[in-house]
Amino acid sequence: MRLAVYVPLLLSLLAPLGARPLSERCEPRLATWLLTLTSLVLGVASTVALGLLAVTGLIRIPQLAAHGHWSAGSARHQDPTALSVAVVAGVLLGGALFAAARMLWRRTRTLAAATLDAACMPARDGLVVLEDDAADAYAIPGLPGRVVVSTGMLHTLDETEHDILLAHERAHLAAHHYAFVAFAQLGAAANPLLRPLATAVTYTIERWADESAAASTGDRRRVARAVGKAALAAHRAPALARAAGAVLGILGRHGRRGPLASAGPVPRRVAALLAPPLRRHPALTAATAAVVIAATLATAEAAHDLHRLLEAVGAR
């Protein structure tokens, strides 16, 4: 418990620094997997670490120690963790568990509502066309899922761009992108330091869908043009009521003005489509794997250390 328990917390400070490089330099599908896995593992590992630190404070309370047949006096002498650290860890643990439980409950309700909405929508080949002048398009997961497009969006794009739009939205459904967003956000709910990773996942799933559309049409420049036109039209028009699908994280985001280095997701997506396809990045993959493995091993080692501490302070 002297060092290992703090490793997941330290990695949670460092991991967000790699969110932008991963999302910009690594093939989108792989980047999505790496970012989601990192957010989830670090979220769980840091929460467990807080729990382990909190336990070291609880066993110093005589009434609680008696229930576990531990010696509170021995715990105060043998545990290197300061009581103030254990108290802070306990408070943070409570906040992390509450935030994660609330996020999980809301996401479960939202997914259930989206599934019900999708089942109730009359569709042709999974496509729902809404009579609305506002330009919009999104995917709603379900059994099966639905792609919803407004007439305003269809009027904005030409026939070839219609196919691109549908390929993009169907890629969201086929790859279950809402699940990646949910897991990444669950890790970020438990550990707010990981929010940049969850934000990066909402970008990489759009890039993943863009690349799927480009692969199906064979024309990256046309896909880039369609992405730009659709985003501009949606930005100008009032948004449709997106029901439950809006918080599932598979609807994309509109860009902001400014240079590309600080631009919003849409300009960055267009620029990526105009450039050659990204390949797998071995160095970033290895670095991400090292972070995940280190957090997992450190958490296991910290749990083992606590087990040995509890054995050492067992009441005799």
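Residues numbered from 1 in each chain as written. Predicted model: local features only at pLDDT ≥ 70, side-chain atom pairs only at ≥ 80, totals over all residues. Heavy atoms only, no water.

K.L.:
Can you help me understand the packing of helix α3 (residues 28-58) against helix α6 (residues 83-120) in this one?
P.N.:
Two packed helices can be described by the angle between their axes and the distance between those axes. The interhelical angle for the contact between α3 and α6, taken along N-to-C directions, is 135°, at an axis separation of 7 Å. With respect to α6, the axis of α3 lies oblique. When you trace α3 past α6, the crossing you get is left-handed. Every residue of α6 that contacts α3 at Thr-47, Leu-50, Gly-51, Leu-53, Ala-54, Thr-56 and Gly-57 is listed here: Leu-83, Val-85, Ala-86, Ala-89, Gly-90, Leu-92, Leu-93, Ala-96 and Leu-97. (Axes fitted to C-alpha atoms, helices over the stretch in contact; angles between N-to-C directions. Helix = DSSP H or I, 4+ residues; strand = E, 2+ residues; numbered from the N terminus. Parallel < 35°, antiparallel > 145°, perpendicular 65-115°, else oblique. Left-handed = near helix turned anticlockwise from the far one by under 90°. Contact = heavy atoms within 4.5 Å.)

K.L.:
Could you clarify how one ought to interpret a nonpolar patch on the surface in this entry?
P.N.:
A cluster of nonpolar side chains, Leu-10, Leu-13, Leu-14, Leu-17 and Leu-193, forms an exposed patch at the surface whose accessible area comes to about 510 Å². By the secondary structure assignment, Leu-13 is in helix α1 (residues 7-14). (Patch = residues over 30% accessible without salt bridge, like charges linked within 9 Å, V, L, I, M, F, W, Y side chains within 5 Å. Areas by Shrake-Rupley, 256 points an atom, 1.4 Å probe, with all protein chains shown as cover. Salt bridge = Lys/Arg side-chain N within 4 Å of Asp/Glu carboxyl O.)

K.L.:
Help me understand the packing of aromatic side chains, please; the structure alone is not making it clear to me.
P.N.:
Two descriptors summarise a pair of aromatic rings, namely the distance from one centre to the other and the angle between the planes of the rings. As enumerated under the stated definition, the model contains two aromatic pairs in all. Look at Trp-33 and Phe-180: their rings are 4.9 Å apart centre to centre, the planes differ by 85°, and that puts the pair in the edge-to-face class. Placement of the pair is Trp-33 in helix α3 and Phe-180 in helix α9 (residues 177-190), with a sequence separation of 147 residues. Taking relative accessible area as the criterion, Phe-180 reaches 9% and is therefore assigned buried. Sitting over the ring of Tyr-203, Arg-268 keeps its end group 4.0 Å from the ring centre. (Phe/Tyr/Trp six-rings, centres within 6.5 Å; stacked < 30°, edge-to-face > 60°. Buried < 20%, exposed > 50% of the residue type's maximum accessible area, 1.4 Å probe, protein only. Lys NZ or Arg CZ within 6 Å of the ring centre and 35° of its normal.)

K.L.:
Sorry, what's going on with the sheet that holds strand β3 (residues 146-150) here?
P.N.:
The strands making up a sheet associate through hydrogen bonds between their backbones, and the pairing can be parallel or antiparallel. Sheet architecture is open: three strands sit in the order β1-β3-β2, paired in mixed fashion. Strands at the two margins of the open sheet, each flanked by one partner only, are β1 (127-130) and β2 (137-140). Each adjacent strand pair in this sheet contributes to an overall mean axis angle of 20°, direction not counted. In the sheet, β1 pairs with β3 via four bridges, with the strands oriented parallel. Of the residues in β3, the one forming a bridge with Leu-127 is Val-147. (Pairing = 2+ DSSP bridges.)

K.L.:
Any chance you could explain the side chain of Thr-288 here in plain terms?
P.N.:
Within the secondary structure layout, Thr-288 lies in helix α13 (residues 282-312). Excluding its chain neighbours within four sequence positions, the residues that come into contact with Thr-288 are Leu-22, Leu-34 and Thr-38.

K.L.:
Help me understand the environment of Ile-140 in this model?
P.N.:
Here Ile-140 is to be found in strand β2. Sequence separation between Ile-140 and Leu-111 is 29 residues; the distance between their C-alpha atoms is 9.0 Å. Discounting chain neighbours no more than four positions away, the residues touching Ile-140 are Ala-114, Ala-118, Met-121, Gly-145, Arg-146, Val-148 and Leu-173.

K.L.:
Whenever I open this one, the nonpolar core confuses me. Can you help?
P.N.:
As a rule of thumb, soluble globular proteins bury nonpolar side chains together. Residues Leu-22, Leu-35, Leu-42, Leu-197, Val-201 and Ala-295 are the most contacted members of the largest nonpolar core, which totals 27 residues. Every element with two or more residues in this core is listed here: α2 (19-25), α3, α9, α10 (195-217) and α13. Setting aside residues no more than four positions away along its own chain, Leu-42 makes contact with Pro-8, Leu-11, Ser-12, Ala-15, Asn-191, Leu-194, Val-291 and Ala-295. Counting 14 residues, the second largest nonpolar core, distinct from the first, contains Val-5, Leu-50, Ala-54 and Leu-309. (Core = buried A, V, L, I, M, F, W, Y, C linked by side-chain atoms within 4.5 Å.)

K.L.:
I keep staring at unusual backbone geometry and nothing clicks. Help me out?
P.N.:
Most peptide bonds adopt trans geometry, and most residues besides glycine take a negative phi value. Its identity as a non-glycine residue notwithstanding, Asp-125 has a phi of 55°, on the positive side. On the secondary structure map, Asp-125 appears in the loop between α6 and β1. According to the relative accessible area criterion, Asp-125 is exposed, its value standing at 65%. Of note in the backbone geometry, His-176 takes a positive phi value of approximately 55° without being a glycine. Within the fold, His-176 resides in the loop between α8 (159-174) and α9. On the basis of relative accessibility, which here comes to 44%, the residue His-176 falls in the partly exposed class.

K.L.:
Would you take a moment to explain the environment of Pro-8 for this structure?
P.N.:
Among the structural elements, Pro-8 can be located in helix α1. Take Pro-8: its relative accessible area is 1%, and that puts it in the buried class. Remark: the alpha-carbon pair of Pro-8 and Ala-49, spanning 41 residues in sequence, is separated by 7.1 Å. Ignoring any residue separated from it by four or fewer positions in sequence, one finds Pro-8 in contact with Leu-42, Ala-45, Ser-46, Ala-49, Ala-295, Ala-298 and Thr-299.

K.L.:
I would appreciate a short explanation of the pattern of salt bridges in the present structure.
P.N.:
Opposite charge on two side chains allows them to pair when their charged atoms are near. Per the stated rule, a full pass over the model turns up ten salt bridges. Across the pair Lys-229 and Glu-161 runs a salt bridge whose closest N-O atoms are separated by 2.9 Å. With a gap of 68 residues between them, Lys-229 in helix α11 (residues 220-236) and Glu-161 in helix α8 connect regions that are remote in the sequence. Since its relative accessible area comes to 24%, Lys-229 is described here as partly exposed. For Glu-211, the salt bridge goes to Arg-220, with nearest N and O atoms at 2.6 Å. Residue classification places Arg-220 among the buried positions, given a relative accessible area of 18%.

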